Amino acid sequence: MNLSGFRAEDAFKPVFTGALSHAYIISGPCRDDVNALADTLAAALLCEGSAAEKPCGTCRSCRKTLRGIHPDVTVVDRAGDRLEITVDQIRQVRADAVVMPNEAARKVYIIRSADTMNAAAQNALLKSLEEPPAQAAFVLAAENPSLLLPTVRSRCAHIPLFSGEKEFSGEAAELADRFFTALGSGPLQFAGFTFELEKLDRVRFAAFLEAVSGLAVGKMREAVMSGRHDETVRLNRVISALSRARECAKANVGAGHICGMLCALLT
Ligand SMILES: [Zn+2]
């Protein structure tokens with residue numbers, strides 16, 4: 001199935017193949033969808049089934065994760081009516097993460113509303129992301145990933161869910177393809193390409209930004225699913241730069257400035 005179109009009702013469908021990483025951000029506008037994919041990913045990380053696609057949904061580990069009783073899955077969320085996840089909560093995670101798993105090959109920490117971790121909490125988590133205990137994996141679920149520190153984002157494979165899958169065609173799709181070609185060709189080629197983008201009017205520029213973001217997400221999905229971690233790190237930078245570009249465009253910042261920012265961030 002198409003991962004970026006993942007919905008809450010798809011929870012625990014086998015969607016992952018290939019090697020899985022130790023740290024993920026799952027983001028999207030719908031909290032239920034994001035949380036469901038986080039749970040599915042946790043199950044995939046612990047699945048003991050032999051099928052290539054995980055989670056299998058039927059092994060002992062999957063059944064326990066499905067029922068929310070797997071001893072090696074820890075869910076962290078804001079406590080009570082608090083607005084933030086605190087540094088103390090993350091310190092507990094860090095202390096627990098160095099203890100061996102109970103029965104699975106590793107422990108999985110799902111951090112819900114991860115974008116509400118305050119700066120101290122994020123910096124505490126960063127230490128575990130930088131030097132992850134061999135048997136720990138972290139799944140950060142966030143509605144607004146731009147609230148996560150760039151240092152945290154850069155350590156995680158990012159799976160953004162969009163509210164709707166769109167098909168792009170025509171000029172926007174063609175420019176989106178050329179964006180990646182230019183990016184791979186070097187700084188001069190990329191600068192030349194952005195010079196062309198600057199000439200687009202607002203509507204066409206916005207359409208390009210949407211198309212290229214969609215394409216980036218698709219590339220990230222492929223990289224995540226096939227375990228190409230170097231590629232996920234590179235695409236992380238692209239996706240976060242594009243998300244800033246989209247925010248700027250919404251705030252009526254001109255295409256020229258946005259292109260300058262993309263050049264600075266990506267080359
Ligand atoms: Zn399983």
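Heads up: the structure comes first, above all this text.
The structure reproduced in this document is the subject of the present report. (Residues numbered from 1 in each chain as written. Predicted model: local features only at pLDDT ≥ 70, side-chain atom pairs only at ≥ 80, totals over all residues. Heavy atoms only, no water.)

Right, let's talk about the packing of helix 9 (residues 229-250) against helix 10 (residues 255-266) for a bit. Packing of helix 9 against helix 10 brings their axes to within 10 Å, and their N-to-C directions diverge by 160°. In terms of their interaxial angle, helix 9 and helix 10 are classed as roughly antiparallel. Between helix 9 and helix 10 the crossing geometry is right-handed. For the pair formed by helix 9 and helix 10, the contact residues are Arg237, Val238, Ala241, Leu242, Arg244, Ala245, Cys248 and Ala249 on the first element and Ile258, Met261, Leu262, Leu265 and Leu266 on the second. Tallied by class, residues from the contact of helix 9 with helix 10 come to 11 nonpolar, no polar and 2 charged. (Axes fitted to C-alpha atoms, helices over the stretch in contact; angles between N-to-C directions. Helix = DSSP H or I, 4+ residues; strand = E, 2+ residues; numbered from the N terminus. Parallel < 35°, antiparallel > 145°, perpendicular 65-115°, else oblique. Left-handed = near helix turned anticlockwise from the far one by under 90°. Contact = heavy atoms within 4.5 Å. Nonpolar A, V, L, I, M, F, W, Y, C, P; charged D, E, K, R; others polar.)

Let's shift gears to the side chain of Arg112. Topologically, Arg112 is positioned in the loop between strand 3 (107-111) and helix 4 (119-130). Among the polar contacts listed, one links the side chain of Arg112 to the side chain of Asp39, at a separation of 3.0 Å. (Polar contact = N/O pair within 3.5 Å; in protein donor to acceptor, adjacent residues only side chain to side chain.)

Protein-derived coordination of the zinc ion comes from Cys47 (SG), Cys56 (SG), Cys59 (SG) and Cys62 (SG), at a distance range of 2.2 to 2.4 Å. Every donor counted, the 4 donor atoms about the zinc ion form angles of 103 to 118° at the centre, which fits tetrahedral coordination. Site description for the zinc ion: donor spacing in sequence, C-x8-C-x2-C-x2-C. Remark: Cys62 occurs in helix 2 (residues 60-66) and Cys47 occurs in the loop between helix 1 (31-46) and helix 2; sequence separation between them is 15 residues. The same class applies to Cys47 as to Cys62, namely buried. (Donors = N, O, S within 2.8 Å, 3.2 Å for Na, K, Ca; no water. Tetrahedral: all angles 85-135°; square planar, octahedral: opposite > 155°, others 65-115°. Buried < 20%, exposed > 50% of the residue type's maximum accessible area, 1.4 Å probe, protein only.)

Further remarks concern the packing of helix 6 (residues 170-185) against helix 9. Between two packed helices, the angle of one axis relative to the other and the distance separating the axes together describe the packing. Where helix 6 meets helix 9, the axes come as close as 13 Å, and the angle between the chain directions of the two elements is 125°. One element, helix 6, and the other, helix 9, form an angle in the oblique class. The handedness of the crossing between helix 6 and helix 9 is right-handed. Packed against helix 6, whose contacting residues are Phe179, Phe180 and Leu183, the element helix 9 presents Leu235, Val238 and Leu242 at the interface.

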